[in-house]
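Examination of the molecular architecture
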Amino acid sequence: MLEVTDYRRSLERSRMSRLRRDGRSTFRLQQREWDLLEGVFAPTDSPSTGIALDLLGLSCGLPGTRTGSLLEIGCGAGVIAVAAALAGCERVVASDINPAAVRNTELNAARHGVGGRVRAVQSDLFAALDPEERFDTIFWSSNYVMAPEGYHYEHVHERAYVDAGYRAHRRFLAEAPDRLRPGGRVLLHFSTRGDLVSLLRLAGQAGRGLRMLHGVVVQEGEYEVEHMLLEVTAWAPREDSVPAQREASVPRPRVGERERERL
């Protein structure tokens, strides 16, 4: 049996998800209907989107609870980006390397009446963005399962599930803090299906710190998986950052054990 961190397990999940898609369809999440295009990561096939909404405090769907600007990396169907706009963010940029995801986000922004505040962009992380554009919050619900460095993607859909050699994570850690407005924050959704030790090493190499804001343990099949909201800091790791040498002994918080911190 493949372990929960094995990239082959995630690639099989990608393959099965694509087999279940047959052209344009819809799905329900957070009491709303959403469009889903073929070839786009399906929130119904993984709990990660719903968990990200919860970690960010966007699951309540209350208007007027957010301000400022948001950049979402890896927007997929656009659920997070649209939810942030509905909650009050004045400017949302939703970026994805998958052109179908960009179209999907535009559809869902229009469906929920926030097309004027959500701009979807096809981009490999920050590459296609205006170099001078800055944001109050940058968020990425990452493809935290590590594939081998030399893995060649067979379909763009696989990029939502695995990161070959953590190349995307390395770039995100290095580049994201430089895209912030003064006082802004970089937030990363990660999980124990990924390699936290490698992530910490990459952060250190980039001169960044990682601070755990909160997390939740969920049952995914036969495995317990902790999902974490990490803040990427633009300086070396501090005393309260997640330390690599203690990572294995960090208590796994359950739902409700850690006070939620709002964006």
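Since this is a predicted model, take the numbers as computed values, not measurements. (Residues numbered from 1 in each chain as written. Predicted model: local features only at pLDDT ≥ 70, side-chain atom pairs only at ≥ 80, totals over all residues. Heavy atoms only, no water.)

Thoughts on the confidence of the model for the chain
- Scored by pLDDT, the chain has a mean of 88; 86% of the residues are at 70 or more.
- Counted against residues more than four places away or in other chains, residues 243–263, with its pLDDT under 50, gives 39 contacts. (pLDDT = per-residue confidence, 0-100. Contact = heavy atoms within 4.5 Å.)

Some remarks on the sheet that holds strand β6 (residues 135–141)
- Read across the sheet, seven strands follow the order β5-β4-β3-β6-β9-β11-β10 without closing on themselves; strand pairing throughout is mixed. Edge strands, defined here as strands with exactly one partner in the open sheet, are β5 (118–122) and β10 (209–220). Within this sheet the neighbouring strands show an average axis-to-axis angle of 15°, counted without direction. (Pairing = 2+ DSSP bridges. Helix = DSSP H or I, 4+ residues; strand = E, 2+ residues; numbered from the N terminus. Axes fitted to C-alpha atoms, helices over the stretch in contact; angles between N-to-C directions.)

A short note on helix α5 (residues 167–175)
- If you check which residues of α5 are buried, you get A168, H169, F172 and L173. Down the axis, α5 shows its buried residues gathered within 130° of arc, on one side only. (Buried < 20%, exposed > 50% of the residue type's maximum accessible area, 1.4 Å probe, protein only. Arc of directions from axis to C-beta.)

Re the packing of helix α2 (residues 48–55) against helix α3 (residues 79–86)
- Close contact between α2 and α3 brings their axes to 10 Å; oriented N to C, the two are set at 30°. Put simply, α2 runs roughly parallel to α3. Note on packing geometry: the crossing formed by α2 with α3 is right-handed. Contact residues: T49, A52 and L53 in α2; V79, I80 and A83 in α3.
- A per-class count over the contact of α2 with α3 returns five nonpolar, one polar and no charged. (Parallel < 35°, antiparallel > 145°, perpendicular 65-115°, else oblique. Left-handed = near helix turned anticlockwise from the far one by under 90°. Nonpolar A, V, L, I, M, F, W, Y, C, P; charged D, E, K, R; others polar.)

Here we look at α2
- Burial within α2 is extensive, with six of its eight residues counted as buried.
- Turning to α2, the residues buried within the fold contact β1 (25–29), α3, β6, β9 (180–191), β10 and β11 (223–233).
- At the C-terminal side of α2, G57 shows a positive phi close to 75°.

Here's the deal with the side chain of H169
- For H169, the position within the fold is in helix α5.
- Here the side chain of H169 touches D163 through a polar contact of 2.7 Å, side chain to side chain.
- Apart from the residues within four sequence positions on either side, H169 is in contact with W140, S142, N143, Y144, D163, F190 and L199. (Polar contact = N/O pair within 3.5 Å; in protein donor to acceptor, adjacent residues only side chain to side chain.)

Quick word on the packing of α5 against helix α6 (residues 196–205)
- Relative to each other, α5 and α6 sit at 40°, their axes nearing to 9 Å. When the interaxial angle is binned, α5 and α6 end up oblique. Here α5 runs over α6; the crossing is right-handed. Contacts between α5 and α6 involve H169, R170 and L173 from the former and L199, L202, A203 and Q205 from the latter.
- Counted by class, the contact of α5 with α6 contains four nonpolar, two polar and one charged residues.

As for the packing of aromatic side chains
- For the structure shown, the criterion picks out seven aromatic pairs.
- With a centroid separation of 5.3 Å and an interplanar angle of 55°, the aromatic rings of F41 and Y161 are classed as tilted. Of this pair, F41 sits in the loop between β2 (32–36) and α2 while Y161 sits in the loop between β7 (145–147) and β8 (162–164), and the two are 120 residues apart along the sequence.
- On the basis of relative accessibility, which here comes to 15%, the residue F41 falls in the buried class. (Phe/Tyr/Trp six-rings, centres within 6.5 Å; stacked < 30°, edge-to-face > 60°.)

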